[in-house]
Amino acid sequence: MPSWAPLSADQVAEQRRGLSEEQLQHRRIVNINAETVTDVSATDIPGHYGPGQDDSWDLNRFAQQLRIDYHQNRPNDAAFSLIGLDASIANAFRRILLAEIPSLAIEDVFIFDNTSIIQDEVLAHRLGLIPLTGGTKGLKQLRWFKKPPPKDDFAALAVYDQDDLDPSASTPNDHNTVVITLDVECRWATVEQDGRDGKQLAVDGEIDPTVRYINSNVYAHQLVFEPQGEQVQWFSGEDVIRPVNPDILIAKLRPGQRISLRCHCIKGVGGDHAKFSPVATASYRLLPHIEITAPIVGSESRKFQRCFPRGVIALQKDPASGENKAVVADPMKDTVSRECLRHDEFKGKVKLGRVRDHFIFSVESTGQFASDELFLDSVRLLKAKAQKFKRHLSELEEGR
Amino acid sequence: MAQDGDQEMPDASAGADATTNGVEFVREKQRLRLLPGSTDTAASFAFDHEDHTLGNALRYMIMKNPNVEFCGYSIPHPSEPVMNLRIQTWDDVSVFEVLRKGLNDLEDLCDVVEDKYTIARDEFNTAHPEQAAGR
């Protein structure tokens, strides 16, 4: 019977007695069949299972059921499980991690000299994508910078003039802009300055540009942070604004070519441009669920084990018959490839699925913030959204 | 490249409120509208600059309320940053109370998640000091 079918009289009676653990577990599974996926939607809505079950929101019940297990917490890579949450909330956290947590990135590039072969706009684009890091406290207190639109963009100007909110947000200052410069010129290697004669080496057949020239490769570590005003307090020593990966290649030069530019970095969100997204990516998957309904023994069990990634299925020696029996050991390692459903020997013996409310999150940071803190920021941001709309709702009600 | 939020939050930390160093109270733009044809028990709201992130989460919290007959959200057009939320209630329950309760419940949920997460993370850090070594 589908989960939404009306209950019969004995089912209602049984419900009032309380459900067995197995039945409750059954309701948590999304079934994955050979070619379909069924029971996808959550069914814990009040009234769905009739009057016997109370599914309305209860904070205490939620707090008791919610479980968070941490699997890994490296500085830029965190993996943890949230159990007992609904998909809409878990997805909200994931979306906020990707698109709404502010971070710092290069936005405006003022190019004084670019005689390299990389076009100005391509160079500026590449600079914007370089992930930056610095003192967390300093980054958190950075203010927004909202560039006023150009005078001929009437549509944008009309919207902009209404924002009489923070006048200092439209001018770059030490509270909302970080300045980084890059000044590199490529030249031949000379004996006096570098200990080798690049031109002579070239004549002799040397083709490696890093030997023939100096500064032929422009790397991210050559970006120079220039603290403005009060930034000296926030970003100095360990907390200096610097690229996360110093070995990012920005451009290649040849003798005589020069790149001289100044970058303004501002705070932005991933929804505006992906360079502002603080996560390399943040994703979640549901815990796979494998149910062996009839025993799989002997050589079949070995074949069954090979249908799954290593470690998912273990073979236990059955003491009675002495044969190997397939047993589910670690479903978290499974990738749900449904390989076992392709073989006739296992038809009717195995059921695959996913646990609907067990989310295995993987948050990988680009390096500006620590991944565990990023998830906390995401939760706080969702809370801030709710609080903001409560204020707006009060205003709306007053106006009626 | 304009910033997406009209509402200014000069304090950079996520989730912080509007005042900074006692400079000036930053006024927020009204982001919630009531669509025409709404009554006290059946109303449609329009949220500006919101999408599935808040929409689906709020819809779930409001559906958990047994007084709600109908709750759904939609994004009328992907090019416009608007999200519509419709709530219909049983008997004479006010739609505004239901929305407020949904927002409160969402806040409480976030609090619980934040607390439990912090506890789990700190326990893990003490149990596995070698992983936090690179910080």
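Residues numbered from 1 in each chain as written. Chains lettered and ligands numbered in written order. Predicted model: local features only at pLDDT ≥ 70, side-chain atom pairs only at ≥ 80, totals over all residues. Heavy atoms only, no water.

To keep it simple, the criterion reads: UniProt positions are given in the numbering used here, feature names are shortened, and annotations may be inferred rather than shown by experiment.
Chain B goes by DNA-directed RNA polymerases I and III subunit RPAC2 in an unreviewed UniProt entry, where it is assigned to Friedmanniomyces endolithicus. UniProt lists a comment for chain B under the heading Subcellular location (unreviewed entry), and it reads "Nucleus".

An unreviewed UniProt entry annotates chain A as DNA-directed RNA polymerases I and III subunit RPAC1 of Friedmanniomyces endolithicus. Taken verbatim from the UniProt record of chain A, the Subcellular location (unreviewed entry) comment is "Nucleus".

**Re the sheet that holds strand 11 (residues 224–226) of chain A**
Residues and elements named next belong to chain A. Here is the rule we go by: Pairing between two strands is assigned when DSSP locates at least 2 bridges connecting them. By the criteria applied, helices consist of DSSP H or I runs no shorter than four residues and strands consist of E runs no shorter than two, each listed in order from the N terminus. Here the axes come from fitting lines to C-alpha atoms, over the contacting stretch only for helices, and the angles between their N-to-C directions go from 0 to 180 degrees.
Here four strands make up an open sheet; going across it, the order is 5-14-7-11 and the pairing antiparallel. Strands at the two margins of the open sheet, each flanked by one partner only, are strand 5 (103–114) and strand 11. Between one strand axis and the next, the sheet turns through 25° on average, direction left out of account. Both strand 7 (residues 178–185) and strand 11 contribute to a ladder of three bridges, which runs antiparallel. Paired with T181 across the bridge in strand 11 is V224.

**Notes on the interface of chain A and chain B**
Definition in use: Every residue pair with non-hydrogen atoms within 4.5 Å of one another is taken to be in contact. Accessible surface is computed with a 1.4 Å probe, and the buried area is the amount of it that two parts give up when combined, taken over both parts together. Salt bridges are defined as contacts in which a side-chain nitrogen from Lys or Arg sits within 4 Å of a carboxyl oxygen from Asp or Glu.
On the chain B side, the residues contacting the 80 residues of chain A number 72 residues. Between chain A and chain B the total buried area reaches about 7,100 Å² when both faces are included, carbon and sulfur atoms providing 59% of it. Inspection of the region where chain A meets chain B yields nine salt bridges. Among the ionic pairs, R95(A) bridges to D51(B), the shortest N-O distance being 2.9 Å. Counting only elements with at least two residues in the side of chain A that touches chain B, the list comes to helix 3 (59–65), strand 3 (67–74), strand 4 (77–83), helix 4 (87–99), helix 6 (136–140), strand 14 (258–268) and helix 13 (371–399) of chain A. The greatest single-element share of the side of chain A that touches chain B, amounting to 25 residues, is contributed by helix 13 of chain A.

**Some thoughts on the packing of aromatic side chains**
How we decide: Pairing of aromatic side chains here covers Phe, Tyr and the six-membered ring of Trp, requires ring centres within 6.5 Å, and sorts the geometry by plane angle: under 30 degrees stacked, over 60 edge-to-face, intermediate tilted. Classification of residues uses two cut-offs on accessible area relative to the type maximum, computed with a 1.4 Å probe and protein chains only: under 20% is buried, over 50% is exposed, and between them is partly exposed. Distance and angle both matter: a charge sits over a ring if NZ of Lys or CZ of Arg is within 6 Å of the ring centre and within 35 degrees of the ring normal.
Applying the stated criterion across every chain yields a total of 18 aromatic pairs over all chains. Plain terms: the ring middles of Y70(A) and F124(B) are 5.4 Å apart, the flat faces sit at 35° to each other, and that makes the pair tilted. Highlighted residues: Y70(A) in strand 3 and F124(B) in helix 2 (residues 95–127), drawn from two different chains. By the burial criterion, Y70(A) is buried, and F124(B) matches it. Judged by centre distance (5.8 Å) and plane angle (85°), the ring pair of F45(B) and F96(B) falls under edge-to-face. Pair noted here: F45(B) is in strand 2 (residues 42–48) and F96(B) is in helix 2, with a separation of 51 residues, a long-range link. With relative accessibility at 0%, the residue F45(B) sits in the buried group. Three or more aromatic residues link up through ring pairs in this structure, and these residues are Y70(A), F80(A), F93(A), Y284(A), F359(A), F361(A), F375(A), Y117(B) and F124(B). Positioned above the aromatic ring of Y49(A) is the side chain of R27(A), whose terminal nitrogen or guanidinium carbon lies 3.5 Å from the ring centre. Its guanidinium or amino end placed over the ring of F369(A), K140(A) lies 4.4 Å from that ring's centre, counting from NZ or CZ.

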